[in-house]
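An overview of the molecular structure
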Amino acid sequence: REFPFDRFDKFFTINYLLLNVRSGRMRYSSAGHPAPLLVRADGSWRLLDAGGPIVGVDGITPFDEGEVQLLAGDRIYLYSDGITEHMSDNNEQFGVERMIRRLVGQRRRSLDESCGKLLTTLQDYNRVPTFRDDVTLFACEYRGPG
């Protein structure tokens, strides 16, 4: 309601995460932005897809908020659609599924290495060193209470 399109002539997407570092409880919501990816230490994964529409278009639609319990070694990945919509030479999108497979497969590497490996894979996907859209990747690992 604070950012109506008719007042600001703009809209935006956002992911909101609030983590209690002592307990590992995390609340989250997405507004038109790609759902954050939770990769568990055991290799299971889940898209954190609670939320609502983009901010600025509809101040009436309520936003859902999700909650999840993080365990030591769990990772959260936030990313822009420039990753999932990156096109190959054959006009095939990189896609969410391919991104998930790569990040789950890299879970034993450091965060820095896993992110770097995904970006290298993305560049190799169409053999062009530049991207047509913004490519943003942010990752964090919960190491447990304390």
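Thresholds applied
- Residues numbered from 1 in each chain as written.
- Predicted model: local features only at pLDDT ≥ 70, side-chain atom pairs only at ≥ 80, totals over all residues.
- Heavy atoms only, no water.
- Helix = DSSP H or I, 4+ residues; strand = E, 2+ residues; numbered from the N terminus.
- Buried < 20%, exposed > 50% of the residue type's maximum accessible area, 1.4 Å probe, protein only.
- Contact = heavy atoms within 4.5 Å.
- Areas by Shrake-Rupley, 256 points an atom, 1.4 Å probe, with all protein chains shown as cover.
- Phe/Tyr/Trp six-rings, centres within 6.5 Å; stacked < 30°, edge-to-face > 60°.
- Lys NZ or Arg CZ within 6 Å of the ring centre and 35° of its normal.
- Core = buried A, V, L, I, M, F, W, Y, C linked by side-chain atoms within 4.5 Å.
- Polar contact = N/O pair within 3.5 Å; in protein donor to acceptor, adjacent residues only side chain to side chain.
- Pairing = 2+ DSSP bridges.
- Axes fitted to C-alpha atoms, helices over the stretch in contact; angles between N-to-C directions.
- Salt bridge = Lys/Arg side-chain N within 4 Å of Asp/Glu carboxyl O.

Thoughts on the overall build of the protein chain
From N to C terminus, the protein chain includes four helices and eight strands. Secondary structure elements of the protein chain occur, N-terminal to C-terminal, as α-β-β-β-β-β-β-β-α-α-α-β. Each of the 146 residues in the protein chain was classed as buried or not, and the buried ones make up 36%. Across the protein chain, every contact between residues at least 6 apart in sequence was considered, and the portion connecting residues at least 24 apart equals 63%. Accessible area of the protein chain: about 9,100 Å², with a carbon and sulfur share of 50%.

Brief notes about the packing of aromatic side chains
Overall, the coordinates contain one aromatic pair when judged by the stated rule. Taking the centre distance of 5.2 Å and the plane angle of 85° together, the rings of Phe 94 and Tyr 125 count as edge-to-face. Taken together, the residues Phe 94 in the loop between α2 (81–84) and α3 (96–105) and Tyr 125 in helix α4 (residues 111–126) connect sequence positions 31 residues apart. The exposure class assigned to Tyr 125 is buried, which follows from its relative accessible area of 17%. Sitting above the plane of the Phe 94 ring, Arg 98 keeps its charged end 5.7 Å from the centroid.

Some thoughts on the nonpolar core
In summary, soluble globular proteins display a tendency toward joint burial of nonpolar side chains. Leu 37, Tyr 77, Ile 83, Phe 94, Met 99, Leu 118 and Leu 137 are the most contacted members of the largest nonpolar core, which has 16 residues in total. With sequence-adjacent residues up to four places away left out, Met 99 is seen in contact with Leu 37, Tyr 79, Ile 83, Thr 84, Phe 94 and Leu 118. Membership of the second largest hydrophobic core comes to nine residues, among which are Met 26, Val 68, Leu 70 and Tyr 142.

Section: unusual backbone geometry
A positive phi is found at Asn 91, a non-glycine position, where the angle reads about 60°. With respect to the secondary-structure elements, Asn 91 resides in the loop between α2 and α3. Of the residues examined, Asn 91 reaches a relative accessible area of 58% and is grouped as exposed.

Digging into the side chain of Ser 29
Of note, Ser 29 is situated in strand β2 (residues 25–31). Exposure remark for Ser 29: the relative accessible area of 13% places this residue in the buried category. Polar side-chain contacts of Ser 29 include one of 2.7 Å to the backbone oxygen of Asp 64.

Description of the sheet that holds strand β7 (residues 75–79)
In space, the four strands of this open sheet follow the order β4-β3-β7-β8, with antiparallel pairing throughout. Whereas interior strands pair on both sides, the edge strands pair on one side only; in this sheet they are β4 (45–47) and β8 (137–141). Recorded for the sheet is a direction-independent mean angle of 15° between the axes of neighbouring strands. Inspection of the sheet shows strand β3 (residues 37–39) paired to β7 by three bridges, in the antiparallel sense. Its bridge partner being in β7, Leu 37 is matched across the sheet by Tyr 77. Running over the sheet, α4 touches β7 and β8 and is turned about 155° from β8.

Looking at the pattern of salt bridges
Applying the stated criterion to the full structure yields five salt bridges. Put simply, Glu 67 and Arg 25 hold a salt bridge, and the shortest N to O gap is 2.7 Å. Pair noted here: Glu 67 is in strand β6 (residues 66–69) and Arg 25 is in strand β2, with a separation of 42 residues, a long-range link. Among the ionic pairs, Arg 40 bridges to Asp 74, the shortest N-O distance being 2.5 Å. Separated by 34 residues along the polypeptide, Arg 40 in the loop between β3 and β4 and Asp 74 in the loop between β6 and β7 bring together distant segments of the chain.

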